[in-house]
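Notes for the structure review
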Amino acid sequence: MIAFKGGRISAGGKRSGLGSGFGSLVSYLTQGKAGSPPNPERVAWVSYRNLDGISDPTLAARLMRAHAEENPRVERPVYHFGLSLSPGEHLTPEQWNAAVDRVLARMGLAEHQAVVMAHGDTDRDHVHIVVNRVGEDGRAWDPKRDMVKAYEAVHEIESEHGLRRTGEPAFAPPDLSPGAHQEARRTGQQPLADRVRQEGGLALAQATSWRDLDERLAARGFRLEGAERGSGVVVSDGVRRASLSH
């Protein structure tokens, strides 16, 4: 299974996945929280799109910022999303890069600058993609229906690599409330709120900020959505949504 997750970048952004700071996001993805001890296993590998000759993510972030500033009307030029596999599933760096290219192409971002960063510090294979919404023509890419477009490519990739398809049950239904039991019988899937508690409970307990929680949940195939952090936030697995408070 490949889970798509659009990440929150800036506290002022009103849409999941959009932000303004290339440098701060790349720094966080590379080093983790400020003041945290270095983790040599955090970054497994990095690749670049439309950034010829670049081999350093910090420099890539600067170049992306410089290009975005050519269109000052774009207040949030950063688009960030993640792709995550289920525990026990793996792709090689070559397979990951091909998968990322296909997703970017389906979303209309093949010609945009991007940094792809694979993390190796969790039990799930996952990559983060930081994209410059400002294209070579100076126009800003519209993220409307981003998840729908991404999953069109994701389902193809899952089939080609023999991965469990997104949404397929991989468990026996646990003891549930009557309403949740009815949902499980109808859909054949564990209720999302229960699944998040089961797979993301440690992330919820240990996270120290919204960005930290985003990162931890992304590694488990979930994304946070909501106009205001702390108010009406929901968690999604790319198919279903549930209130974070639940």
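Refer to the structure printed above.
Residues numbered from 1 in each chain as written. Predicted model: local features only at pLDDT ≥ 70, side-chain atom pairs only at ≥ 80, totals over all residues. Heavy atoms only, no water.

**Concerning the overall build of the chain**
- Check the secondary structure of the chain and you find seven helices and nine strands.
- Looking at the 246 residues of the chain, the share that counts as buried comes to 50%.
- Put simply, 67% of the contacts in the chain that link residues at least 6 apart link residues at least 24 apart. (Helix = DSSP H or I, 4+ residues; strand = E, 2+ residues; numbered from the N terminus. Buried < 20%, exposed > 50% of the residue type's maximum accessible area, 1.4 Å probe, protein only. Contact = heavy atoms within 4.5 Å.)

**Notes on the nonpolar core**
- Within the largest apolar cluster, 32 residues are counted, with the highest numbers of intra-cluster contacts made by F81, L83 and I129.
- Mapped onto this core, the elements with two or more residues apiece are β1 (2-6), β4 (78-85), α3 (93-107), β5 (114-119), β6 (126-132) and α4 (146-161).
- Contacts of L83, omitting those with residues within four sequence positions, involve I2, A3, F4, W96, V100, V103, D125, H126, V127, I129 and V154. (Core = buried A, V, L, I, M, F, W, Y, C linked by side-chain atoms within 4.5 Å.)

**Digging into unusual backbone geometry**
- Although it is not a glycine, N50 adopts a positive phi angle of roughly 55°.
- Relative to the elements of secondary structure, N50 occurs in the loop between β3 (43-49) and α2 (57-68).
- With phi around 60°, R145 is a residue other than glycine that occupies positive phi space.
- Assignment of secondary structure puts R145 in the loop between β6 and α4.

**What about the pattern of salt bridges?**
- Within the structure shown, the criterion is met by nine salt bridges.
- Across the pair R106 and E156 runs a salt bridge whose closest N-O atoms are separated by 3.0 Å. Residue R106 is located in helix α3, and its partner E156 is located in helix α4; the two are separated by 50 residues in the primary sequence.
- You can call R106 partly exposed: its relative accessible area is 31%.
- E156 sits in the partly exposed class, given a relative accessible area of 33%. (Salt bridge = Lys/Arg side-chain N within 4 Å of Asp/Glu carboxyl O.)

Geometric descriptors of this kind do not, in isolation, establish any biological role.
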